[in-house]
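What follows is the residue order along each chain.
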Amino acid sequence: MTFVDTLMSFLSGAFEVIGKGIQTLLNFLAVPLGWLVALIEGIWYFLTKLVTVVIEVIDIFIALFQFLGSLALGFLRTIQALLFIDFSRTPLNYPSSTGSGMQLVMEKVLQPVGFMTVVPSVVLALVWLFFVVRVIGLLGGERDNA
């Protein structure tokens, strides 16, 4: 055996001992580090799901407020349209005979009598308001036959 062979076997044994030591150290540290990584992954997963739930709850409340706002605004616009009746508006499209009949009644009957322009409007508004209250009661589950 030569010096080089002896040196190589010594270095080979030394590196083998160092390699086994490093492997043992890594095997020893792998379990606690694995637990730490699993803990960090669990915390991160919890935080991402928590943020997702918070965003979904905010979206639900935004949609709820939009719905309630639209419902209230639509109700108020309906009440306004019932209280301030204007037959000359463009969205009211009557058939030609109905439109001309209403115009004739407005011109010949209601226009000459000043008091008669207020009373029918008030009665019509009250009838529509009663109708809206009954429809809302029906939608709310009130089933009163009176």
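Residues numbered from 1 in each chain as written. Predicted model: local features only at pLDDT ≥ 70, side-chain atom pairs only at ≥ 80, totals over all residues. Heavy atoms only, no water.

A.B. asks: Residue-level account of the overall build of the protein chain, with values.
C.D. replies: Scanning the protein chain from terminus to terminus reveals three helices and zero strands. Along the protein chain, helices and strands appear, N-terminal first, in the series α-α-α. With the model as given, the accessible surface of the protein chain reaches about 12600 Å², and the carbon-plus-sulfur share is 75%. (Helix = DSSP H or I, 4+ residues; strand = E, 2+ residues; numbered from the N terminus. Areas by Shrake-Rupley, 256 points an atom, 1.4 Å probe, with all protein chains shown as cover.)

A.B. asks: Tell me about helix H1 (residues 3-83), and please be specific about residues and values.
C.D. replies: Because each turn of an α-helix spans 3.6 residues, side chains separated by three or four positions end up pointing in the same direction. End to end, H1 covers 114 Å across 81 residues, agreeing with the expected 120 Å (1.5 Å per residue, within 8%). At Ala30, H1 shows its maximal kink, close to 35°; a proline, Pro32, follows between one and four residues later. (Expected span 1.5 Å × (residues − 1). Bend = angle between axes of the 7 residues up to and from the residue.)

A.B. asks: Hey, could you go over the confidence of the model for the protein chain for me, with residue numbers and the actual values?
C.D. replies: Mean pLDDT over the protein chain stands at 80; residues scoring 70 or higher make up 75%. Considering each helix and strand of the protein chain separately, the mean pLDDT is smallest for helix H2 (residues 96-110), with a value of 65, and largest for H1, with 89. (pLDDT = per-residue confidence, 0-100.)

A.B. asks: Let's hear about the pattern of salt bridges: which residues, and what values?
C.D. replies: As enumerated under the stated definition, the model contains one salt bridge in all. For Glu16, the salt bridge is made with Lys20, and the minimal N-O distance between the two is 3.5 Å. You can see Glu16 and its partner Lys20 sitting in helix H1, four residues apart, about one turn around the helix. (Salt bridge = Lys/Arg side-chain N within 4 Å of Asp/Glu carboxyl O.)

A.B. asks: Break down the packing of aromatic side chains for me, with residues and values.
C.D. replies: Counted by the stated rule, this structure contains two aromatic pairs. With a centroid separation of 5.5 Å and an interplanar angle of 90°, the aromatic rings of Trp128 and Phe131 are classed as edge-to-face. One end of the pair, Trp128, and the other, Phe131, are both in helix H3 (residues 115-139), three residues apart, so they sit about a helical turn from each other. (Phe/Tyr/Trp six-rings, centres within 6.5 Å; stacked < 30°, edge-to-face > 60°.)

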